[in-house]
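# Structural features, examined
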Amino acid sequence: MESSLRERRLPSRQRYHGVLNANHRAFLRSIGLTDVELTRALGCIVVAWSEAGPCNFHTLELVRHVRAGMESADVTGLAVPTIVVNDNISMGTEGMRYSLVSRELIADTIEAQVSAHAFDGFVGIGGCDKTQPGIMMAMVRLNMPSVYIYGGSAEPGFLGDRKLTIEDIYESMGSYIKGKITEDELYEIERRAHPTVGACAGLFTANTMASISEALGIALLGSSTPVATSARRAQYCYLSGQTLGKLIENGIKARDIVTYDALYNATVLLVASAGSTNGILHLLAIAHEAGVDFTLQDIDEISNRVPYIVSMKPAGDHVMADLDAVGGVPVVLKKLLDRGYLRGEALTVTGKTLSQSLKEYRYAKVSHEHIVRDPSRPFKPTGGIRILWGNLAPEGAVLKVAATGLARFEGRARVFNDEDSAFEAVKRNEVSDGDVVVIRYVGPRGAPGMPEMLRVTSAIVGAGLGSSVAMVTDGRFSGATRGMMVGHVSPEAAVGGPIAALHDGDRVLIDSVAGKLNVLIEDSELRRRLESWKPMAPRVKAGLLAKYAALVQSASKGAVTSPGPL
Ligand code: FES
């Protein structure tokens, strides 16, 4: 199909057309491109692919569908890779420090490849947690026509009637340590919890970011919920490739779509569905790369008034496949739009507004009240995530309210300077009712890399202490975390944030209703302690983590390393 694309002035024309670009064309001929293919626009298919885990194991197979879609829109598609750090496989180990760092690497590698080779736009295929925000950050940093497509989540596992996800393995490990289940039971859960390729099945970070891609307008409506093994995934890949052609033709760039309103809509969905707290970090990073003034204060304002209407694991009992079966993310967005919670004029990759796109979206009306409620009959009247402020977190902290039955917790601090010591203390039964486990020096700069504390939080829940013990950390939580867990405490301990001044036995107050995180000591005492604080020696002195620690900004700003949009 020929289109008006051939008339457009595109980056690829400057690089690959004209007599004196013979040298550049020669290399594309070497990989088999024909005269016809060299005449078209040039689209990049960025694929986050890796065999080192299930989340992105199958994504290479999706490339051909994206390429076919591009070809149908007069665009020649060439695939390039980007990296994957598998969160679950690195969880609870030193390797987890590379997870958030990988988000920056992914954005950087996309910038390098797409810019160096003069592509006219790209489709990014993500999967595991950091691949998705990394691709989204590159889309707005480069500000070119681009479409996001998710690789899809795994099918849920089953043990009898019990629906399993990776969260069940962690909590079962906690139960095994406490002698509550046998090794055979744990083994059976291990074998069944993640039965296919694809990302983790619950509304953890990967599915949170995939859902957000629809609300942001950078992915096609309905594209985030089909599981990795579904034929509809290939169809959405094809349509995403085709959509890129239209974006290039119409000159619509990522920052035309990712505006303040789009980030607002994404946050509404995040809060309404009690998605992963990592979503906050990533939305702040995407805003930073887009040059949009969208802050933790904006997120706080949204979280105070949007109801919690989507019940999925870990806060509820459903997985992505269940949401897909009732119509997917558009069902949620439509309810939120109809009740005035969304900014419907935001543009999407189709070139239409979110309102128009939702109006035209076709899905069968099936009963969905068990997963998605109308905002007038919410699961909870305010959102699933709260931002906390106070003398322990002057720049903010994040609490996932929906994953805890508690609104307020006051307890005594048990302070640890790394994750291992905290985990060992829980294992040795040294953590008890009324404790607030504080894990500090695990922030973006301190760890470095702000690892997730899922091993400790799961051990607490698995030990039956989920409602009697809280946690406060300058690290992160997995999307699978449950309980009264406060993360992203900013400023972090490594830069002298107040969390560094906590002592064992201090009374700590977490109040999700008032949005407060305080240590109950006199201001003068807190000041005195902070004045005598001495920084810890850096944990890492060379390599990637040291480079990251030197560049990274506060979690309250998205823990970014780049100066902003190009
Ligand atoms: Fe990749 Fe959960 S470990 S999505």
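Each remark here, short or long, concerns the structure printed above.
All of the points below concern the structure found in this document. (Residues numbered from 1 in each chain as written. Predicted model: local features only at pLDDT ≥ 70, side-chain atom pairs only at ≥ 80, totals over all residues. Heavy atoms only, no water.)

## Here's the deal with the overall build of the protein chain
Just so we agree on the cut-off: Strands here are runs of E lasting at least two residues and helices are runs of H or I lasting at least four, both read from the DSSP assignment and numbered beginning at the N terminus. Atoms considered for the radius of gyration are the C-alpha atoms alone. The globule rule reads 2.2 Å times the number of residues to the power 0.38. Residue burial is assigned from relative accessible area. The probe radius is 1.4 Å, only protein chains are included, and a residue is buried under 20% of its type maximum, exposed over 50%, and partly exposed in between.
Looking only at helices and strands, the protein chain features 22 helices and 14 strands. In terms of overall size, the protein chain behaves like a compact globule, its C-alpha atoms giving a radius of gyration of 23 Å where 566 residues would be expected to give roughly 24 Å. With the principal axes as the frame, the protein chain shows a C-alpha extent of 75 × 55 × 45 Å. Out of the 566 residues belonging to the protein chain, those deemed buried represent 64%.

## Description of the environment of Ala219
We count it as follows: When checking whether two residues touch, look at their non-hydrogen atoms; a contact exists if any pair is within 4.5 Å.
You can see Ala219 is positioned in the loop between helix H10 (205-216) and helix H11 (231-250). In the structure, Ala219 is positioned 70 residues away from Ile149 in sequence and 6.0 Å away in space, judged by C-alpha atoms. Sequence-distant contacts of Ala219, that is, excluding residues within four places in its chain, are made with Tyr148, Ser213, Glu214 and Val349.

## Some thoughts on the pairing of strand S7 (residues 385-390)
Let me state the cut-off plainly: Criterion used throughout: strands pair if DSSP finds at least two bridges between them.
Buried residues dominate S7, accounting for 6 of its 6 residues. Because side chains alternate across S7, one face comprises the buried residues Ile385, Ile387 and Trp389, and the other comprises Arg386, Leu388 and Gly390, equally buried. The antiparallel hairpin formed by S7 and strand S8 (residues 393-400) contains 2 residues in its connecting segment.

## What about unusual backbone geometry?
Ala447 connects to Pro448 through a cis peptide bond whose omega is -15 degrees. Mapped onto the elements of the fold, Pro448 is located in the loop between strand S10 (435-439) and helix H20 (454-462). Residue Pro491 follows Ser490 across a cis peptide bond; omega there is 0 degrees. Although it is not a glycine, Asn429 adopts a positive phi angle of roughly 60 degrees.

## Digging into the nonpolar core
As a rule of thumb, soluble globular proteins bury nonpolar side chains together. Stated precisely, the cut-off is as follows: The set of buried Ala, Val, Leu, Ile, Met, Phe, Trp, Tyr and Cys residues whose side-chain atoms join them within 4.5 Å is what this entry labels a nonpolar core.
Membership of the largest hydrophobic core comes to 111 residues, with the highest contact counts inside it found for Phe122 and Leu216. Looking at this core element by element, the count peaks at 9 residues for helix H13 (residues 260-272). Grouped together as the second largest cluster of nonpolar side chains are 28 residues, Leu388, Ile510, Leu517 and Leu526 included.

## Remarks on the side chain of Ser224
Put simply, the test is: Identification of polar contacts relies on pairs of N or O atoms within 3.5 Å, with a donor-acceptor requirement for protein atoms, meaning one able to donate a hydrogen and the other able to accept it, and with residues adjacent in sequence counted only if both atoms are side-chain atoms.
Position of Ser224 relative to the elements: it lies in the loop between H10 and H11. In terms of polar contacts, Ser224 uses its side chain to reach the side chain of Glu214, at 2.5 Å.

## Structural notes on the sheet that holds strand S1 (residues 41-48)
As a reminder of what qualifies: The axes are straight lines fitted to the C-alpha atoms, using for helices just the contacting stretch, and the angles between their N-to-C directions are given from 0 to 180°.
With respect to topology, 4 strands assemble into an open sheet ordered S2-S1-S3-S4, the strand pairing being parallel. Edge positions in the sheet fall to strand S2 (75-82) and strand S4 (146-150), since each of these pairs with one other strand and no more. When strand polarity is set aside, the average angle formed by the axes of neighbouring strands in this sheet is 20 degrees. Here S1 runs beside strand S3 (residues 121-126); their pairing, made up of 5 bridges, is parallel. Note that in S3 the partner of Val46 across the bridge is Gly124. Together, S1, S2 and S3 form the strand contacts of helix H6 (residues 97-116), whose direction differs from that of S2 by roughly 140 degrees. Against the sheet, H11 contacts S1, S2, S3 and S4, and its axis sits at roughly 170 degrees relative to S4.

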